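# Summary of structural features
Now for the letters of each chain:
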Amino acid sequence: MINEAFQHLLLENLTTATLLLNAKLRLEYMNPAAEMLLAVSGQRSHGQFISELFTESAEALAALRQAVEEAHPFTKREAVLTSVSGQTLTVDYAVTPILGRSETMLLLEVLPRDRLLRITKEEAQLSKQETTKMLVRGLAHEIKNPLGGIRGAAQLLARELPDEHLKDYTEVIIEEADRLRNLVDRMLGSNKLPSLAETNIHEVIEHVASLIEAESQGGLTLVRDYDPSIPELFMDREQMIQAVLNIVRNAMQALASHAELGLGRITLRTRTLRQFTIGHIRHRLVARIEIIDNGPGIPAELQNTLFYPMVSGRPDGTGLGLAITQNIISQHQGLIECESHPGHTAFSIFLPLESGATTA
């Protein structure tokens, strides 16, 4: 027979967030998994009304009251909860009425969906990237071979031309062939593996900030919001400068193109996150680098294809900067995400801080 102490031990060690509410929907108990999910203390929250722990909707609150009155269990999928800290959580939860001696209590089992949804989104994104890379490589092969022939033929023709000024035309052919070849090479990205060394991420960001300040000539506000506790990361310094610079320069150009450079603000923020999943790997600790601007935002029709080569929101843009950035971050086993709406665009780069990771 399992005694009460052992039952309590099992609850304490469950990875599923579990809460017990009384008939008045006030907290009687929450296990450590629930404390971690909701970022609250179970001891301090004892006796609090459910809405003081998290909020969902008036309909959800009515459903809980109905579950108490009718002792009717139910399950809700992909519910969006807002914690007391303002964090938004996507969860599945099951509500089970427990008939006690004096009242009906509710057992809530909450399963976070954010991580699973992120993994699914990343898998789809990585699959699209690989398909795009294969298409670009195939297209590059088909383009570069004829370009080589055109360039060689133009060089041979230049030798046979009797008049020197006619060679101006062959020079144009050669220069345009070289330009197209360089464009194709940029689409393919660098085949060079990162040269990893311990690097201070803030030194990289400050280098980018100094370049942007010089380019904007003080026309925009750069806000630094750093976490000085972040240790050095293994990275290729030059590649990471290029990756961050591409994003920050895009933000500056977006502000300038909408005549907002004088009011423009770009925030460079660093933080650490615990137990973060990149792909199928759960890392104990990752560094998050955020580049946030208050510009017009990215058009909704571009957001799903933002990291594809040749996709750009500017008439004069090549659409290669973000594709190159994503390739660099991927080579560093990291992840890049974007969230954008008018007045707020945030690019987030996640880089592992340690090698001890587990499959999620």
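Just above sits the structure.
Description of the structure in this document. Fair warning: this is a prediction, and the values are worked out from it, not measured in the lab. (Residues numbered from 1 in each chain as written. Predicted model: local features only at pLDDT ≥ 70, side-chain atom pairs only at ≥ 80, totals over all residues. Heavy atoms only, no water.)

### Digging into the sheet that holds strand S2 (residues 27-30)
The strand order across the open sheet formed by six strands is S2-S1-S6-S5-S4-S3, and the pairing between neighbours is antiparallel. Here the strands that pair on one side only, and so sit at the sheet edges, are S2 and strand S3 (54-55). Across nine bridges, strand S5 (residues 88-99) lies against strand S6 (residues 104-112) in antiparallel orientation. Bridging across to S6, Ile-98 finds its partner in Met-105. (Pairing = 2+ DSSP bridges. Helix = DSSP H or I, 4+ residues; strand = E, 2+ residues; numbered from the N terminus.)

### Structural notes on the environment of Ala-300
With respect to the secondary-structure elements, Ala-300 resides in helix H10 (residues 300-303). Overall, Ala-300 belongs to the exposed group, its relative accessible area being 61%. Separated by 40 residues in sequence, Ala-300 and Ser-340 place their C-alpha atoms 8.4 Å apart. (Buried < 20%, exposed > 50% of the residue type's maximum accessible area, 1.4 Å probe, protein only.)

### Regarding the packing of aromatic side chains
Enumeration according to the criterion identifies two aromatic pairs in this entry. Ring centres 6.3 Å apart and planes at 70° place the aromatic pair Phe-74 and Tyr-93 in the edge-to-face group. Here the residue Phe-74 occupies a position in strand S4 (residues 74-83), and Tyr-93 occupies one in strand S5, the gap between them amounting to 19 residues. By relative accessible area, Tyr-93 is classed as buried at 6%. A centroid spacing of 4.5 Å and a plane angle of 15° characterise the contact between Phe-276 and Phe-350, whose relative ring orientation is stacked. (Phe/Tyr/Trp six-rings, centres within 6.5 Å; stacked < 30°, edge-to-face > 60°.)

### As for a nonpolar patch on the surface
Nonpolar side chains collect at one region of the surface, where Phe-6, Leu-9 and Leu-10 lie side by side and expose about 280 Å² of accessible area between them. Relative to the elements of secondary structure, Leu-9 occurs in helix H1 (residues 4-13). You can call Leu-9 partly exposed: its relative accessible area is 46%. (Patch = residues over 30% accessible without salt bridge, like charges linked within 9 Å, V, L, I, M, F, W, Y side chains within 5 Å. Areas by Shrake-Rupley, 256 points an atom, 1.4 Å probe, with all protein chains shown as cover. Salt bridge = Lys/Arg side-chain N within 4 Å of Asp/Glu carboxyl O.)

### Section: the pattern of salt bridges
A full pass over the atoms with the stated rule returns 18 salt bridges. In this structure, Arg-113 and Asp-92 form a salt bridge, with 3.6 Å as the shortest nitrogen-oxygen distance. Here Arg-113 is found in the loop between S6 and helix H6 (114-160), whereas its partner Asp-92 is found in strand S5, with 21 residues between them in sequence. Considered together, Arg-113 and Asp-92 belong to a single accessibility category, that of buried residues. Here Glu-206 and Arg-224 are joined by a salt bridge, their closest N and O atoms 2.9 Å apart. Of this pair, Glu-206 sits in helix H8 (residues 201-216) while Arg-224 sits in strand S8 (residues 221-225), placing them 18 residues apart in sequence. Glu-206 gets classed as partly exposed once you look at its relative accessible area, which sits at 30%.

### Describing helix H5 (residues 58-70)
Between its first and last C-alpha atoms H5 spans 18 Å; for 13 residues at 1.5 Å apiece the expected length is 18 Å, and the two agree. For H5, the complete set of buried residues consists of Ala-60, Leu-61, Leu-64, Ala-67 and Val-68. One side of H5 carries all its buried residues, which in axial view fall inside an arc of 115°. Residues Ala-58, Glu-59 and Glu-69 are exposed on H5 and point more than 90 degrees away from its buried face. Each element contacted by the buried residues of H5 is listed here: helix H4 (50-53), S4, S5 and S6. One or two steps after H5, the chain reaches Ala-71, where phi turns positive at roughly 50°. (Expected span 1.5 Å × (residues − 1). Arc of directions from axis to C-beta. Contact = heavy atoms within 4.5 Å.)

### Some points on unusual backbone geometry
With phi around 55°, Ala-39 is a residue other than glycine that occupies positive phi space. By relative accessible area, Ala-39 is classed as exposed at 52%. Even without being a glycine, Gln-333 presents a positive backbone phi close to 60°. Here Gln-333 lies in the loop between helix H11 (321-331) and strand S12 (335-341). Using a relative accessible area of 55% as the deciding quantity, one classes Gln-333 as exposed.

### Considering the packing of H8 against helix H9 (residues 237-257)
Where H8 meets H9, the closest approach of the two axes is 9 Å, and the angle between their N-to-C directions is 40°. The angle between the axes of H8 and H9 places the two elements in the oblique class. By crossing handedness, the relation of H8 to H9 is classed as right-handed. Side by side, H8 and H9 meet where Ile-201, Glu-203, Val-204, His-207, Val-208, Leu-211, Ile-212, Glu-215 and Ser-216 of the first sit next to Arg-237, Met-240, Ile-241, Val-244, Leu-245, Val-248, Arg-249 and Met-252 of the second. When grouped by side-chain class, the residues that make up the contact of H8 with H9 number 11 nonpolar, two polar and four charged. (Axes fitted to C-alpha atoms, helices over the stretch in contact; angles between N-to-C directions. Parallel < 35°, antiparallel > 145°, perpendicular 65-115°, else oblique. Left-handed = near helix turned anticlockwise from the far one by under 90°. Nonpolar A, V, L, I, M, F, W, Y, C, P; charged D, E, K, R; others polar.)

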